[in-house]
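Coordinate inspection notes
Each chain, letter by letter, is given below.
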Amino acid sequence: MPESTPTNEMELLRDISRIGVSGLGVEDLGLTFLETLQRHISFDRGVVRTVDHTSGEFSGGVAYGVGSKLPLPTDRTITATQAIGLGRIVTDVTNSSGDPEDPDPGGQIASLGLKSSVTVPLLTDEAAVGILTLRRTSEIGFDEAEVDLLRIVANQLGPSLDNSFLLETVSNLAAIVETSPDIILRASIEGHVEYVNPSGRQVLNLPETYVSDHGLNIKDLLDQASSDSLINSGIPTAVGGHPWSGELNVIDREERLIPVETLVVANFHRNGSLRGVSISMRDIAARKEAEDELQRLATTDTLTGLPNRYQLGILLDQANRSAKRTGAKHALVFLDLDAFKLVNDTHGHSVGDELIRAVGARLDQSLRSSDLIARVGGDEFNVILYDATAEDAYSKTAELVSIVSDVSITARGDLVQISASAGVASFPVEDASVEDLTSFADIALYQAKDAGRNQVVLYDHSQGGRDVVTALQQKRRAILDALTNHRLTLYRQPIYGVASRKIEMYEVLVRIKNADGKIMNPAEFIAEAESLDLIQQIDERVIAAALHRSKKLSDSGQGIVLTINVSSRSVGIEMAEYAISIGTELGINPADIVFEITETATQRSGSHAVAFVNRLANAGYRVAIDDFGSGTTSLKQIRTLPFHHLKLDGSLVQTLAHDEHDRGFAKAICDLAHAIGLEVVAEFVQDEETLTFLGEIGVEYAQGYHLGRPEPFPLDPEP
């Protein structure tokens, strides 16, 4: 036997055997094998390289070595399959080609000073788990006896490495299981629980010995539906070789229901026989609560707690489809608070929000549990009345409108109340979509507002709904487009002095210029703007633009009085303050401006009209009462307000040329107006005869097509 051969083979094998049952980890085991082997066989560098258990290759494995004369080999191209055949003396087996027959590939042996190298595979059940390589720089090579001995050693080291790897894996997995925040348990295929990890015991309120002491079954931890799902689907699926996942509900010892995300996998013995199942459960209560909250926010109005537009759309679509199938009668109600912007402007948005909540609560309380109310906009509520004929729906909606009028709140000592208007559309209607139904109810709502508000209108399906809907939608888009894209255009119409026959004033008028260049007259959009509560924005734009033009005229030395119309929906202290602030900023002479409000505005707006007129008059502006003679207001009623002008209603002026009765009536109004200090303006003067008569009864000013038609008001105007 060569000098290097161990003197006692049995002693080496005995030492190696002791190491194999030492319970060391993979790295410590490999190093200990090499150190022990070095005491019996001389070598300058010994290396154990493990196989990557995922890929089966050395490229992902780890090398352990003893001896410092040579570096660890860096080449990892040898696969497990190749290693099995390398059980003999070779010059080098770590070359890049992996060919053990090459005596010195690339000159590696010469460069490292190697004289001989031997590599044997470390096998278990004919699978390679690593390789053992010994290298020498001396002239003494590895003989057949040493190689045979190394094969015997390798047969010990291979299984030991494999077992050590498995023990390490199990130990690591056990640590993960023991410290996991999830519920992890092991059970038989019959559902008998064999193990529950610490976190699981804590969540389920189980003492440490409870499982072993009470023979717990998985069904004891779940509600009935979850138990059925796990027993009938989860476990059979896992046993069939496919992991199963799903959401279950576990019940702790205090009978609380905990939603868990569950994974079930089957456990098998080494021989392939079924051992049981492992079940992992993750508490998802917090996630479910978050999901529920997101769902609530997506379908609920945050101010009132009522369903929102999105939820209403879903339920309305369901109701419409169901009604078409069954023939049931339902109704959609659009209910809008009247002049709600005034509440916000007068008392602040917090008061407005409080009023919205109060109205929503009262409406909700007054409906049947089967009905639905939703808040779909700032001051708009929608209601679905189920199983209600058109007549029943109209009657119920009238009751809702009345209820709104009874709602009141107190804000800084003031009683705040409001009215509502409503449109009702019954359904189903043949071929009508949800969009059609909402348009029908919308049209009815506009008609209710145009009727004076605090009204209810039932949509008449005989009026050619889709055509009306299309026209209305076009007007709505035109108004919004005009406000967004600055398409409001000012016009002016001259007002002549009747005696002087010269232009004394201009009335400022507004038009909408559509994107296609078409001009919309006020009659085509003012009513819709009022219904949409957009008229205030229009009035603000017109006032600002008119005051800027007045400033330009004044600066050019060509100042002239401008009269500006303000809608009855806009009159109030806020609009007065807005106009005054613009005028002050521009340095306007208040005497150059007259604000006009209609006779009906003084009736509808009441105290708001009084505040509007008084505030402007106190600031030096003049105010005219427009369309006088169209309502029921008497001169006695308006004499307490600081009006400067009275404009005769055009319907009265148009008949003066041929109606003696109207002539007498016009003269009486003119005389009374003069008696209380008002100047009179006549509108709609269409001929010379009318103009002559107006002069005879003392009317100061006149306007109409006979004197001048409306014309665009230039940006840089001249009188």
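How each quantity is defined
- Residues numbered from 1 in each chain as written.
- Predicted model: local features only at pLDDT ≥ 70, side-chain atom pairs only at ≥ 80, totals over all residues.
- Heavy atoms only, no water.
- Helix = DSSP H or I, 4+ residues; strand = E, 2+ residues; numbered from the N terminus.
- Buried < 20%, exposed > 50% of the residue type's maximum accessible area, 1.4 Å probe, protein only.
- Contact = heavy atoms within 4.5 Å.
- Areas by Shrake-Rupley, 256 points an atom, 1.4 Å probe, with all protein chains shown as cover.
- Pairing = 2+ DSSP bridges.
- Axes fitted to C-alpha atoms, helices over the stretch in contact; angles between N-to-C directions.
- Phe/Tyr/Trp six-rings, centres within 6.5 Å; stacked < 30°, edge-to-face > 60°.
- Lys NZ or Arg CZ within 6 Å of the ring centre and 35° of its normal.
- Parallel < 35°, antiparallel > 145°, perpendicular 65-115°, else oblique.
- Left-handed = near helix turned anticlockwise from the far one by under 90°.
- Core = buried A, V, L, I, M, F, W, Y, C linked by side-chain atoms within 4.5 Å.
- Expected span 1.5 Å × (residues − 1).
- Arc of directions from axis to C-beta.
- pLDDT = per-residue confidence, 0-100.
- Patch = residues over 30% accessible without salt bridge, like charges linked within 9 Å, V, L, I, M, F, W, Y side chains within 5 Å.
- Salt bridge = Lys/Arg side-chain N within 4 Å of Asp/Glu carboxyl O.
- Nonpolar A, V, L, I, M, F, W, Y, C, P; charged D, E, K, R; others polar.

Looking now at the overall build of the protein. Along the backbone of the protein there are 24 helices and 27 strands. Counting across all 719 residues of the protein, residues that qualify as buried make up 48%. For the protein, the proportion of contacts with a sequence separation of at least 24, taken over those separated by at least 6, is 63%. For the protein, the exposed surface amounts to about 33,600 Å²; the carbon and sulfur share of it is 50%.

This paragraph deals with the sheet that holds strand S13 (residues 380-385). Overall, mixed pairing links the 5 strands, which are arranged S12-S13-S11-S16-S17 in an open sheet. The open sheet terminates on both sides in strands that have one partner only, identified here as strand S12 (372-375) and strand S17 (456-458). Strand-to-strand twist in this sheet, taken as the mean axis angle between neighbours without regard to direction, amounts to 15 degrees. Two strands pair when backbone bridges link them, and strand S11 (residues 330-337) and S13 are joined in this way by 6 bridges, in the antiparallel orientation. Paired with Leu332 across the two strands is Ile384, which belongs to S13.

Moving on, we come to the packing of aromatic side chains. For any pair of aromatic rings, the description consists of the separation of the ring centres together with the inter-plane angle of the planes. Per the counting criterion, the structure on display carries 3 aromatic pairs. These aromatic residues form a ring-pair network of at least three members: Phe595, Phe612 and Tyr621. The ring centre of Tyr506 lies 4.4 Å from the NZ or CZ of Arg492, which sits over that ring.

Interaxial distance between helix H17 (residues 535-555) and helix H18 (residues 573-586) falls to 10 Å at its minimum, and their mutual angle equals 25 degrees. Considered as vectors, H17 and H18 are oriented roughly parallel to each other. For the crossing formed where H17 meets H18, the hand is right-handed. Seen from H17, the contacting residues are Gln536, Asp539, Glu540, Ile543, Ala544, Leu547, His548 and Lys551; seen from H18, they are Met575, Tyr578, Ala579, Ile582, Gly583 and Leu586.

Moving on, we come to the nonpolar core. One finds Ile538, Ile564, Phe595, Phe612, Leu616, Phe643 and Leu646 to be the most contacted residues of the largest nonpolar core, which totals 71 residues. Top element by residues in this core is H17. It accounts for 7 residues. Excluding residues within four positions of it along the chain, Ile564 makes contact with Val508, Val542, Ile543, Ala546, Leu547, Ile593, Val594, Phe595 and Glu596. Of all hydrophobic cores here, the second largest spans 32 residues; its members include Ile373, Val401, Val404 and Ala422.

This paragraph deals with unusual backbone geometry. Omega for the peptide link from Phe427 to Pro428 comes to 20 degrees, which places this bond in the cis form. Along the chain, Pro428 falls in the loop between strand S16 (420-427) and helix H14 (434-450). In this structure, Asp387 takes a positive phi of about 50 degrees despite not being glycine. For Asp387, the position within the fold is in the loop between S13 and helix H13 (390-406). Since its relative accessible area comes to 59%, Asp387 is described here as exposed.

Turning our eyes to something else, we now look at H14. Because each turn of an α-helix spans 3.6 residues, side chains separated by three or four positions end up pointing in the same direction. With 17 residues, H14 extends 24 Å from end C-alpha to end C-alpha; this agrees with the ideal 24 Å at 1.5 Å per step. Counting buried positions along H14 yields 13 of 17 residues, so the element is predominantly enclosed.

A separate point is the environment of Leu562. Relative to the assigned elements, Leu562 resides in strand S21 (residues 561-565). Using a relative accessible area of 0% as the deciding quantity, one classes Leu562 as buried. When the C-alpha positions of Leu562 and Ile495 are compared, they lie 9.5 Å apart, and in sequence the two are 67 residues distant. When sequence neighbours within four positions are dropped, the list of residues in contact with Leu562 reads Tyr506, Val508, Ala546, Ser550, Asp592, Ile593, Val594 and Phe713.

A separate point is H18. Between its first and last C-alpha, H18 extends 20 Å over 14 residues, near the 20 Å set by a 1.5 Å rise per residue. Every buried residue belonging to H18 is among Met575, Ala576, Ala579, Ile580, Ile582, Gly583 and Leu586, and all of these are buried. For H18, the angular spread of buried residues about the axis comes to 160 degrees, placing them on one side. Among the exposed residues of H18, those pointing more than 90 degrees away from its buried face are Thr584 and Glu585. In the core, the buried residues of H18 are packed alongside H17, strand S22 (593-598) and helix H20 (607-618). One or two residues past the end of H18 sits Gly587, with phi positive at roughly 75 degrees.

Right, let's get into the sheet that holds strand S7 (residues 193-196). Pairing in this open sheet of 5 strands is antiparallel, and the strands run S7-S6-S10-S9-S8 from one edge to the other. At either margin of the open sheet sits one strand with a lone partner, and together these are S7 and strand S8 (244-251). Geometrically, the sheet is characterised by an average inter-axis angle of 30 degrees between neighbouring strands, direction not taken into account. Pairing analysis gives 8 bridges linking S8 to strand S9 (residues 257-268), with the strands arranged antiparallel. Each residue of the ladder has a partner; that of Glu247, found in S9, is Glu261.

A low pLDDT score tells you not to read the predicted coordinates there in detail. Residues with a pLDDT of 70 or more make up 79% of the protein, whose mean pLDDT is 80. Within the model, the stretch residues 1-7 combines pLDDT values under 50 with 14 contacts to residues more than four positions away or in other chains. Taken as a whole, residues 68-106 scores under 50 in pLDDT and shows 98 contacts with residues more than four places along the chain or in a different chain.

Here we take up a nonpolar patch on the surface. Residues Ile189, Val239, Phe268 and Leu274 make up a contiguous nonpolar surface patch of roughly 300 Å² in combined accessible area. Leu274 sits in the partly exposed class, given a relative accessible area of 32%.

Where helix H12 (residues 349-366) meets H13, the closest approach of the two axes is 10 Å, and the angle between their N-to-C directions is 145 degrees. Seen from above, H12 lies across H13 with right-handed handedness. Of the residues in H13, those in contact with Val359, Arg362, Leu363 and Ser366 of H12 are Lys396, Leu400, Ile403, Val404 and Asp406. Looking at the contact of H12 with H13, its residues break down into 5 nonpolar, 1 polar and 3 charged.

Further remarks concern the environment of Leu458. Inspection of the secondary structure assignment puts Leu458 in strand S17. For Leu458, a relative accessible area of 31% gives the class partly exposed. Put simply, Leu458 and Gln447 are 11 residues apart on the chain and 9.3 Å apart in space, counted from C-alpha to C-alpha.

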